[in-house]
Every structure is written in structure tokens, then in C-alpha cells.
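# Close look at the chain arrangement
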Amino acid sequence: MFKRSAFLFLFLINVVSSFAQEELVSYAIGEKYHDKYRYSNMLAIADDGSEGTVVVRAYYTGIILRPKGYFIEHYNKDLELVSEYNYKLKDANFIDAYVRNGQVYLLFLEYSYRNKSYQYEVHRSPFSQFQFTKETILSIASDPVEQPLDRNFYNRNFSSGFTSSILFNDDKSAFAITTHYKKRKVDQHTIHVFNANLNKLMEHDFSDEVEEKNYAFENIVFSKDLQNVYLVGKAYFKKKRFNATERKFQYEMVRISNSGRSVQSFYTPGKFPESLKPIFRGDELLCIGFYADRKDNRYNGISYFNLDPKTLEMKTEKFNQFSEQFMMDKFGREDDKAIKDLVFKGMDITNEGNILFNAEEYFTSKSVQSNSSGGRVAVTRYHHNDIISAKLSATGDLIWARNINKTEVTQGDGAYASYSSYTKNNTTYFFISTSSENPQQLSDERIMFKQGLSRNRNVFLIRLDENGHMKYNKVIDDTEARLPLMVSVPYIDHQKDELRFYAKRGTKKQLVQVGVK
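In this convention, every chain numbers its residues from 1, walking through the sequence in written order. Side-chain atom pairs in this predicted model are given and counted only at pLDDT of 80 or more, local residue features only at pLDDT of at least 70, and totals for whole chains, interfaces and linings cover all residues. As a convention, hydrogens and water are excluded, and side-chain values are obtained from all of the structure's heavy atoms.

It is worth spelling out the pattern of salt bridges at this point. One speaks of a salt bridge when a side-chain nitrogen belonging to Lys or Arg is within 4 Å of a carboxyl oxygen belonging to Asp or Glu. Overall, the coordinates contain 24 salt bridges when judged by the stated rule. The salt bridge partner of K509 is D35, with a shortest N-O separation of 2.8 Å. On the criterion of sequence distance, the pair formed by K509 in strand β35 (residues 508-516) and D35 in the loop between β2 (33-34) and β3 (39-47) is long-range, its members being 474 residues apart. As far as burial versus exposure is concerned, K509 and D35 are alike and both buried. Across the pair D397 and K318 runs a salt bridge, and its minimum N-O distance is 3.2 Å. You can see D397 sitting in the loop between β25 (376-392) and β26 (398-410) and its partner K318 sitting in strand β22 (residues 314-321), a full 79 residues away along the chain. For the purposes of this entry, the term helix denotes a DSSP run of H or I that reaches at least four residues, the term strand denotes a run of E that reaches at least two, and both are numbered from the N terminus. Think of it in three bands: residues with accessible area under 20% of the maximum for their type are buried, residues over 50% are exposed, and the middle band is partly exposed, with areas taken using a 1.4 Å probe on protein chains only.

Attention now moves to the side chain of N358. Looking at the element boundaries, N358 is found in strand β24 (residues 355-370). The exposure class assigned to N358 is buried, which follows from its relative accessible area of 3%. Under the rule applied, a polar contact is a pair of N or O atoms within 3.5 Å (in protein, one hydrogen donor and one hydrogen acceptor; residues adjacent in sequence only if both atoms are side-chain atoms). Of note is the side chain of N358, whose polar atom sits 3.2 Å from the side chain of S421. In what follows, residue pairs with any heavy atoms lying within 4.5 Å of each other are defined as contacts. Once residues within four sequence positions are removed from consideration, N358 is found in contact with F344, K345, G346, I388, S389, Y419, S421, T428 and F430.

Backbone hydrogen bonds are what pair the strands of a sheet, in a parallel or an antiparallel way. Paired strands, in this sense, are two strands between which DSSP finds at least two bridges. Overall, antiparallel pairing links the four strands, which are arranged β7-β8-β9-β10 in an open sheet. Both edges of this open sheet fall to β7 (94-100) and β10 (133-141), since each of them pairs with a single strand only. Strand-to-strand twist across the sheet, computed as the mean angle between neighbouring axes with direction ignored, equals 20°. With six bridges joining them, β7 and strand β8 (residues 103-112) adopt antiparallel strand pairing. Its bridge partner being in β8, D96 is matched across the sheet by L107. Each axis is a line fitted through C-alpha atoms, and for a helix only the stretch in contact is used; angles between axes span 0 to 180 degrees, taken between their N-to-C directions.

Below is the structure:
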């Protein structure tokens, strides 16, 4: 054990990437461990409170792969595996997982035929000594429906009788459960809010609003004291007549507290907001997103809103059109310039109050293909394409926007695709995993990252400085990290400027720690 710890310590000191000459990043690769579950999905990765790491995965076994349980691993600060636990649990309707206060939390939505109700259940256990307990935090009377949990915020079905969704804030210190029950003349919409310890903070009857509109909330933010919750999403009008230039929905922000609520719509003639995300800048409440000039979801630029945190009164709104530099980054000299399907990945506020954020071009596609027995099966593919990064001034004006060309598609675990980002000192760092040895050079100013065909993967670091100037380097070679990193789901330690990545292939696994200097 001592030799292994000393070896890892020397690794931390001596092993640096090709960026080391600029003293930007260093990395350490933990020992490889055997894992008996070849097929699994990452659910959560978090700090254990003592600089160690807790990893939660769902695993699948059988000739026809089916979920059989949850596997929890605990690593110490030297990236060594301390303990692991197999929580066997079949046929559970999993929603989400998180690690907090020394415990692992697994959240499920189950139907009780005895009570004729849908029940939100939490299974939790200390990771120092595993012993899971189960409790019901919410029960809603309803007949069973085909799909109660709305997993797709962007395509809600409001006619099924019962539908529910859950939204966590970014650090998973609190969450809101929305339940919408509709049967004949009953149309009940309630918002239930909990903190991470499962204490109920508030319950708000939202039914009078759904008399005119159905709500599909997409993003959430809480005040520091968790006494105010802000939900942002689409409000679909039920009866309003529309002309050819209008949409059947509008984006709205809803604030609820124990003392009441406020509602603000984002409606400006000729502008159609998209993918809005709320964030606090000190005591200021901002909402950042994109917008289109037409209702066809082709984005034309970046939208900025500054609202009063109590009344939601609109203080400032701005619409920044994408620059020619950005359009050249993305399309070169192509004529058909359609920007759409953008999903936020990260947002940070600098010490000067500027806003740095990035999003990804994400969409799904479906096709039918032959299987090994000669039958036909439907296949869903998940596309993780270009990265869009932008900087807004403290007053909401666009300083710059850049596009990083990327194309990835996966049928399975998306943790290996996409990217992760980290912001430090007005500079944003992007970590991308690819089998290619180098990006494709499209022109002097444009590069393209592609998946490549090799089983081994390199990790590239792309750096956008405070002026939007881009550099890139390979920081971890596939000969050093032989297992592919789950690059899109790291644990990020902002205090130490470190990211911890889980790496796995087949029956081998390890942790990789990257430090941003």
C-alpha cells in the first residue's frame, strides 16, 4: 500500500501533459481495477468530503441486457479504491442519483396498486457503511398511466392523466417535483420543493395557471437561502388563436415561495427565446439563452434578461445577433446557415461580472436496422455536435462568440461523448475525448474534432482566452490512459481547480485526475 501511494504521489508531481510548458494542466492516472459488470451507466460522481470520490453506476446483465442493480465505489484522495457495494434492485423506475452529507441517494418513481397512487421513493445509505433504507417523500393519487415521468422536457404530453417531472439545481442542494393530474373536470398542478436532506421546503398549488396554459419546465435555480425557487420553461396556450408568425407557446419564469408566487413571460414581438437558463449574479437574477427571428427554431443570436428577484419585473432585455466571425467559425462559406438544437452545458460569472457560457448542438435520430437474428429493430442515436461558447459583458452585450466544430454520435452511454468545461481567470477550458490523433484542419481559423475509429482515446484540451482566441493540445495520450474517460461527467472541484474523470472499458476501471493551473 505504501509503495503504491508513493508511486501515485510521484505520478502527481512528475506526470504532466504537453501543456506543461505553459504550466496549464497536470494529471494523475490511478491504478486499474477489475470490475465484474461490463455493461453499466454512470449515474453520479461526487466528492466524499475528504478529497476522495464516490461513483454510482447502474449495471446491466443477461443475454438481453436488463438493469439489475446499482454499484457504488468509494476512492480515497490517492485515487485508490477503498470499498465497493452492490445494491441489487430489479425493475425499479430510476429517476436520479446524488451524493451528499456522507450518503448516497437514489430517487425512484413507483406506482402502488394497493394505495392507487404514484410514489416518489428515496433509497439512501451512508457510503462509509452501506445499509440502504427506503422512504416515500411524496404520494399522488392517480390511476396508472403509460408514461408518468416526463423524461423529455421539450415534448410534454399533457393528456395522459398524470405526468410528473423533477428538476435539480446545479449543485443538487435542492430539487422541485412538479405533478400534473388531469381527469375530467379536475386539473391539478402542484409544485413540491425539497432540499437535499429530503426536508420539504414548500408546496405550491399552481392549478389556476394551468386553466389557460400547460407548463413544461426545463431549468431551475434557487436563492441562496432556498426560500425562493425559480423555474423556467415553455407555457403552452390551450385556447389562444395563433397566426402564421406565432408559436403555440412562450417561455416563462415562475418564482414560488411560502408567501406566494410571481410569473414573468419572455415575449418580445419578432423575437423567439430558446433554451433559457436562469442564474444568480450576486443578488441579480439573470436569464441567458438564445433567440430566433422566426418561429422555426433557427437561432440567430444570444438573449439576455435581467429581472427583479421578487417581482420578476423585467429590468433589461437584450438580443445579440451572432457575429460574422462566429458564422464563419461554424459554417465556413456555406450558404445554408441553420443554428438549432442547442443545450446549455456550463455558465460562469467572472469577477468583473461578465458571463461566460457554453452550449452544445444536441439532437437524436431514429432508424431501423437488422439484428443478428434477421429481425428489424428501432435504433436511437444521440448526436453531440458543435460547441458554442460566448462571453457577455456585465450589462448583457455580446463581447465574442466562437464555434468549435465537433461531430460525435453514440447509441449507448453518452458519458464517453460530448465534453466538459471549466472556467478559471476569464479562460474556459474544454476537455474532449476522441480516437483521432489530431483534429481536422478545415482552414486557417477552423478545425473539426471527430470521433475516429480506434478503441483507445486521446484527451484534447481546447482553451478560449478572455478575448475568445483559441488554442488546443493533446493533454492525455491514448498510450498513457488506455481506458476511455467518461469525459462529459466529471467531478469538478472549484476550490482546488481539479477535475476527476472515471475511466472504464469492459471489466477494467480507474480514476484520472486533471489539475488546471
